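Here is how the chains run, residue by residue.
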Amino acid sequence: MQKPSEPLIMQTSASPQHAGLTTHSFKTIVVGGGQAGLAMGHELAQLGQSFVILDAQASIGASWRNRWNSLRLFTSAAFDALPGLPFPAPSKSYPTKDEMADYLESYAAHFALPVHCNMRVDALSIQEDRYVLQVGEHRFTAENVIVAMSISQFPKIPPFASQLDPSIVQLHSSSYRNPGKLPERDTLVVGAGNSGAEIALELAQSWPTKRIWLAGRDLGPSPLKFDNPFSWWLFSHVFSVSTPLGRALQARKRAHGTPLGRLKPADLSAAGIERVPRVTGTYEGKPVLENGQRLDCALVIWCTGFGPGFDWIHLPVFGTDGYPIHERGIVKDMPGLFFLGLPFLSAFTSGFVGGVGRDAHFLAKHLATRAASHW
């Protein structure tokens, strides 16, 4: 198997109907080299499957390194491992973003996974019985494609943000790094989920003389912590797509987000953060809250989440909500197409680092069975 640093070796052929392009053929292509793609690669390798992993980033783990400086996982290290390699940290500690990135790099090297970076897939379609992937000036075909990407691909900012006064500095949480990179001003953080709460707390602790508002529905703390085997088992097996409890939680999570992980509402109050209702629009260049209140802030940080970035997939596999239509990652109407790493792919833990391996194992076994049936 190729090491991550080796050049991409392909079966190639000239394609008259695609002048200027070289077609590269593989049995299986995994799109995405984050935790989901690496876990999938490990499982495929364990079953002796031939595959390659394509990742858009410049290096393995880059998507973690590019997030805000103080970010930590809200699952403890005991539940942050991918299949076959423990996370190298005390089991009850909460890894930093850079520790997570380092782990992913070492994981790919440890198992010699064929990850190839700077390979952004521009389009996925199907021709006859082969999937076709356009990657820059290259054309790939495969019998199987596993889209191993999060549903959170591009920043979501409400349209009315453009109506705020130009003097108000605005940025999305994806561009936030630390308080030192921003002007010290009265700040509105929009979105009261984990990201919004943690960023608001960091600003309040760094700027004690400034007002920090946190807008959004109070989701409260998670009733269970992701740092003990019972909680992990519960969220992996009881809160799954196969149970009424799991399906109800899935619908609630899509509508309202995830309750706070490590933080508690009391932590925010103690730091002097002011909780306010949702932001619903603007008036005379100022943000307006659900209760009609206008806030005189000079900085707005949009912690309003991300949207699905699957517009490059030119296949009829999505519902009206933009989510792929699948059963535990298997697209029934498109044999050979799979999704991995999505929230609630099979259970609440599917979107977590430590939960993706279970789904990858399931899909790899299904893919191997499908491959055997073609002989």
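For the structure, see preceding data.
Residues numbered from 1 in each chain as written. Predicted model: local features only at pLDDT ≥ 70, side-chain atom pairs only at ≥ 80, totals over all residues. Heavy atoms only, no water.

**Student:** Just give me the short version of the packing of aromatic side chains, but keep the residues and values in it.
**Tutor:** Overall, the coordinates contain 15 aromatic pairs when judged by the stated rule. Arranged with centres 6.2 Å apart and planes meeting at 40°, the rings of tryptophan 232 and phenylalanine 352 form a pair that is tilted. With tryptophan 232 in helix α5 (residues 229-238) and phenylalanine 352 in the loop between β17 (337-340) and α8 (356-373), this residue pair connects regions lying 120 residues apart in the sequence. The two residues tryptophan 232 and phenylalanine 352 agree in class, both being buried. Aromatic side chains phenylalanine 235 and phenylalanine 348 sit 4.7 Å apart centroid to centroid with 35° between the ring planes, which places their arrangement in the tilted category. Placement of the pair is phenylalanine 235 in helix α5 and phenylalanine 348 in the loop between β17 and α8, with a sequence separation of 113 residues. In this structure phenylalanine 235 comes out as buried when scored by relative accessible area, which is 5%. (Phe/Tyr/Trp six-rings, centres within 6.5 Å; stacked < 30°, edge-to-face > 60°. Helix = DSSP H or I, 4+ residues; strand = E, 2+ residues; numbered from the N terminus. Buried < 20%, exposed > 50% of the residue type's maximum accessible area, 1.4 Å probe, protein only.)

**Student:** Summarise helix α1 (residues 35-46); cite the residues concerned and give the values.
**Tutor:** Its 12 residues place the ends of α1 17 Å apart at the C-alpha level, agreeing with the 16 Å of an ideal helix rising 1.5 Å per residue. Of all 12 residues making up α1, 10 are buried, and the element is well covered by its neighbours. Among the residues of α1, Gln35, Ala36, Gly37, Leu38, Ala39, Met40, Gly41, His42, Glu43 and Leu44 are the ones counted as buried. Just beyond α1, the residue with positive phi is glycine 48, at close to 75°. (Expected span 1.5 Å × (residues − 1).)

**Student:** Which residues make up the environment of glycine 292, and what are the values?
**Tutor:** Structurally, glycine 292 can be placed in the loop between β14 (286-289) and β15 (299-302). In this structure glycine 292 comes out as exposed when scored by relative accessible area, which is 52%. Spatially, the C-alpha atoms of glycine 292 and glycine 281 are 9.5 Å apart, while their sequence positions differ by 11 residues.

**Student:** Can you break down the sheet that holds strand β10 (residues 187-190) residue by residue, with the values?
**Tutor:** One open sheet holds the five strands; their spatial order is β9-β15-β10-β11-β12, and the pairing between them is parallel. Looking at the sheet topology across the chains shown, the edges are occupied by β9 (169-172) and β12 (274-276). On average, adjacent strands in this sheet sit at an angle of 20° to one another, irrespective of strand direction. By the bridge criterion, three bridges tie strand β11 (residues 212-215) to β12 in an arrangement that is parallel. Of the residues in β12, the one forming a bridge with tryptophan 213 is glutamate 274. Taken strand by strand, helix α4 (residues 194-206) contacts β10, β11 and β15, and its axis lies near 175° from that of β11. (Pairing = 2+ DSSP bridges. Axes fitted to C-alpha atoms, helices over the stretch in contact; angles between N-to-C directions. Contact = heavy atoms within 4.5 Å.)

**Student:** I'd like a rundown of the environment of leucine 363, residues and numbers included.
**Tutor:** Along the chain, leucine 363 falls in helix α8. As for leucine 363 and glycine 281, which are separated by 82 residues in sequence, their C-alpha atoms are 43 Å apart. Setting aside its immediate chain neighbours within four residues, leucine 363 contacts Met40, Arg328, Gly329, Ile330, Phe338, Phe339 and Leu340.

None of this, on its own, says anything about what the molecule does.
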